[in-house]
Amino acid sequence: MRHVTGRARRAGVALAAVLTWAGLLAGAAGCSGDSRSGLDRVLGKPPAPEDAIRVTPRDGAREVRPGQALRVRVPDGRLESVKVVKSQDAQEAEVAGRISADGRGWSPADGRLALAARYTVDAVAVDGDGHRSARHTTFTTYVPEERFIGYVTPENRATVGTGMIVSLEFNREIVDRAAVERAVHVSAEPAVEVRPHWFGTSRLDFRPEHYWKPGTRVTVSLRFRDVEGAPGVYGLQHRTFSFDVGRHQVSVVDAAEHTMQVRREGELLATVPITAGAPKTTTYNGKMVVTEMLDVTRMNGATVGFKKKNGKGEYDIPDVPHAMRLTESGTFLHGNYWASPEAFGRVNLSHGCVGLRDVKGGGADTPAGWFFDRSLIGDVVEVVRSKDKTVAPDNGLGGWNMNWGEWTAGSAVK
């Protein structure tokens, strides 16, 4: 009997020990909310990296939208280091961010994720028991099917006249004009206020109140990358370019007097005889900017609405010399070799262009050649006393025909 009683007593002690351990483990699990991590803690094991360091978006996620937050956090302990690298357009860049004051979380300085990019997260943390964990995760972001870009005038590193207007033509209609406008920054040295104006939903121009000061350096920064210009349509460009403003030259065409006065820095260089638009095809009044300079070009009336009954152009001249574009609708200041020399300074006979005497092939010593050699893209040509309306401000770079109040009212950012 004593032998049996001893065995029963030993079995009871063993059972009590098992129950005690079970209670401890159950208690540990209840405190942690995670039975596995609680067991690991009681047994002195470090938690799994994914439990010790939580990263969102999740590891391996694809097509992550730009509005989703990037976060790194720890349930207890503190983060020692976090490094996030963005790979985009075959270039890598570290993402700026900071660890919170309590050491429990990390967030990026820019809360918006880039599109069409791969992110890599490497984090190291120490938990409350002194166990160090490291985690490496990756995810990729949404690749848009539709993009928009802006075609910019003038060209990078150009030297232009004082009337140049920075103009962006977008390849798609912009719905969120304010967002796109905020992504453009135009600055000048010496400093001057530069303001935007929208023409419709696909063109954005910038200019100062008055013509640029000669010698000004203008810098244009486009930060369209990942800006949503319309639903599902995101920008693609991220670039900075600059141009220089040369001397100040304004030429005034008097359509009634058939002359053009060329002034540089306010001083009269020459008075040149011209021929402007005939009574039935008059030349626009107003300030126009030279946007293109061609040694020779073809001009066909059919392309600008001057057609005969058979559909052919009222004129078709294959070799117009010294041609300078003033409007998108087809107004040029150009050399003219086909009109009688006596017409210049006496009569208007063109289809709306301003003509200067020239020779076939273009002569350097003709009025047209002289003016062409002394002109820059960005120079202003102002037509007065023509029996026509003022050129529309969006026909070429005609924005100088708007007063400052009208111009600034065209901003989408209120």
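Quick caveat: nothing in here was measured; it's all calculated off a predicted structure.

Enquirer: How do you make sense of the overall build of the protein chain when you look at a structure like this?
Expert: Regarding its fold elements, the protein chain presents six helices and 28 strands. Burial statistics for the protein chain: of 414 residues in total, 45% are counted as buried. For the protein chain, restricting intrachain contacts to residue pairs at least 6 apart in sequence, the fraction spanning at least 24 positions comes to 65%. Of the accessible surface of the protein chain, which amounts to about 21600 Å², a share of 50% is contributed by carbon and sulfur atoms.

Enquirer: I would appreciate a short explanation of the pattern of salt bridges in the present structure.
Expert: Pairs may arise between side chains of opposite charge once their charged atoms sit close together. Under the defined criterion, the tally for this structure stands at 15 salt bridges. Arg132 is the partner of Glu80 in a salt bridge, and the nearest nitrogen-oxygen pair spans 2.7 Å. Of this pair, Glu80 sits in strand β3 (residues 78-88) while Arg132 sits in strand β8 (residues 132-140); the two residues are 52 residues apart in sequence, bridging distant segments of the chain. Judged by relative accessible area, which is 33%, Glu80 ranks as partly exposed. With relative accessibility at 54%, the residue Arg132 sits in the exposed group. Residues Arg225 and Asp226 are paired through a salt bridge, measuring 3.4 Å at the closest nitrogen-oxygen approach. Judged by its relative accessible area of 10%, Asp226 is buried. One salt-bridge network, held together by shared partners, links Asp89, Arg147, Arg225 and Asp226.

Enquirer: Mind showing me how you'd approach the environment of Thr201 here?
Expert: Note on placement: Thr201 falls in the loop between β14 (194-199) and β15 (203-208). For the pair Thr201 and Glu169, spaced 32 residues apart in sequence, the C-alpha to C-alpha distance is 9.5 Å. Setting aside its immediate chain neighbours within four residues, Thr201 contacts Arg172, Glu173, Ile174 and Arg177.

Enquirer: How should the sheet that holds β14 be read in this particular structure?
Expert: For sheets, the rule is that strands pair by backbone hydrogen bonds, running either parallel or antiparallel. The strand order across the open sheet formed by four strands is β10-β12-β15-β14, and the pairing between neighbours is antiparallel. Looking at which strands have only one partner, the edges of the open sheet turn out to be β10 (150-153) and β14. This sheet shows a mean twist of 20° between the axes of neighbouring strands, independent of strand direction. As paired elements, β14 and β15 share six bridges and run antiparallel to each other. Residue pairing across strands places His197 opposite Asp205, the latter belonging to β15.

Enquirer: What am I meant to see in the nonpolar core here?
Expert: Soluble globular proteins tend to pack their nonpolar side chains together in the buried interior. Ranked by size, the top nonpolar core spans 38 residues in total, and within it Phe170, Val220, Phe224 and Phe243 carry the most contacts. Within the residue set of this core, elements represented by two or more residues are β12 (166-170), α4 (177-182), β13 (184-189), β14, β15, β16 (217-223) and β19 (238-245). Dropping the residues within four chain positions of it, Val220 is found in contact with Val166, Val184, His185, Val186, Arg239, Thr240, Phe241 and Phe243.

Enquirer: I would appreciate a short explanation of the packing of aromatic side chains in the present structure.
Expert: For any two aromatic rings, the description comes down to two numbers: the centre-to-centre distance and the angle of the planes. Counted under the stated rule, the structure contains 10 aromatic pairs. Ring geometry for Phe148 versus Phe170: centroids 5.9 Å apart, planes at 75°, classification edge-to-face. Here Phe148 is found in strand β9 (residues 146-148), whereas its partner Phe170 is found in strand β12, with 22 residues between them in sequence. Residue classification places Phe170 among the buried positions, given a relative accessible area of 6%. An angle of 70° between the planes, with centres 6.1 Å apart, marks the rings of Phe199 and Trp407 as edge-to-face. With a gap of 208 residues between them, Phe199 in strand β14 and Trp407 in helix α6 (residues 404-408) connect regions that are remote in the sequence. The pair Phe199 / Trp407 is uniform in exposure class, with both members buried.

Enquirer: What am I meant to see in the confidence of the model for the protein chain here?
Expert: Atomic detail in the predicted coordinates should be set aside for any region of low pLDDT. Residue-level pLDDT values for the protein chain average 90, and 89% of them are 70 or greater. Counting contacts from residues 1-37, a segment whose pLDDT is below 50, to residues more than four positions away or on other chains yields nine contacts.

Enquirer: Honestly, the sheet that holds strand β17 (residues 228-230) in this entry has me stumped. Any pointers?
Expert: Strand order in the open sheet formed by three strands is β9-β18-β17, with mixed pairing between adjacent strands. Only two strands of the sheet have a single partner each, and these edge strands are β9 and β17. Taken over all neighbouring pairs, the strand axes of this sheet differ in orientation by 45° on average, direction set aside. Two elements, β9 and strand β18 (residues 233-235), share three bridges in a ladder whose sense is parallel.

Enquirer: Even after reading the chapter, I still don't get the pairing of strand β7 (residues 118-126), so can you show me in this structure?
Expert: In the case of a regular strand, side chains alternate between the two sheet surfaces. As paired strands, β3 and β7 are joined by nine bridges and run antiparallel to one another. The partner of Arg78 across the bridge, within β7, is Val126. Looking at chain direction, β7 and β8 are connected through nine bridges and run antiparallel. Bridge assignment links Thr120 to a residue of β8, and that residue is Thr138.

Enquirer: Which parts of the structure should I look at to understand empty space enclosed by the protein?
Expert: Counting across every chain of the model gives one cavity of 30 Å³ or more. When its volume is computed, the largest cavity comes out at roughly 40 Å³. Looking at the largest cavity, the residues that line it are Ala52, Val74, Asp76, Ala125, Val126, Asp127 and Ser133. A breakdown of the residues in the lining of the largest cavity according to their chemical character gives four nonpolar, one polar and two charged.

Conventions used here
Residues numbered from 1 in each chain as written. Predicted model: local features only at pLDDT ≥ 70, side-chain atom pairs only at ≥ 80, totals over all residues. Heavy atoms only, no water. Helix = DSSP H or I, 4+ residues; strand = E, 2+ residues; numbered from the N terminus. Buried < 20%, exposed > 50% of the residue type's maximum accessible area, 1.4 Å probe, protein only. Contact = heavy atoms within 4.5 Å. Areas by Shrake-Rupley, 256 points an atom, 1.4 Å probe, with all protein chains shown as cover. Salt bridge = Lys/Arg side-chain N within 4 Å of Asp/Glu carboxyl O. Pairing = 2+ DSSP bridges. Axes fitted to C-alpha atoms, helices over the stretch in contact; angles between N-to-C directions. Core = buried A, V, L, I, M, F, W, Y, C linked by side-chain atoms within 4.5 Å. Phe/Tyr/Trp six-rings, centres within 6.5 Å; stacked < 30°, edge-to-face > 60°. pLDDT = per-residue confidence, 0-100. 1 Å grid on protein atoms, 1.4 Å probe; cavity = no way out; pocket = protein on both sides within 12 Å on 5 of 7 lines; lining within 4 Å. Points joined across faces, edges and corners; volume = space filled by probe spheres on them. Nonpolar A, V, L, I, M, F, W, Y, C, P; charged D, E, K, R; others polar.

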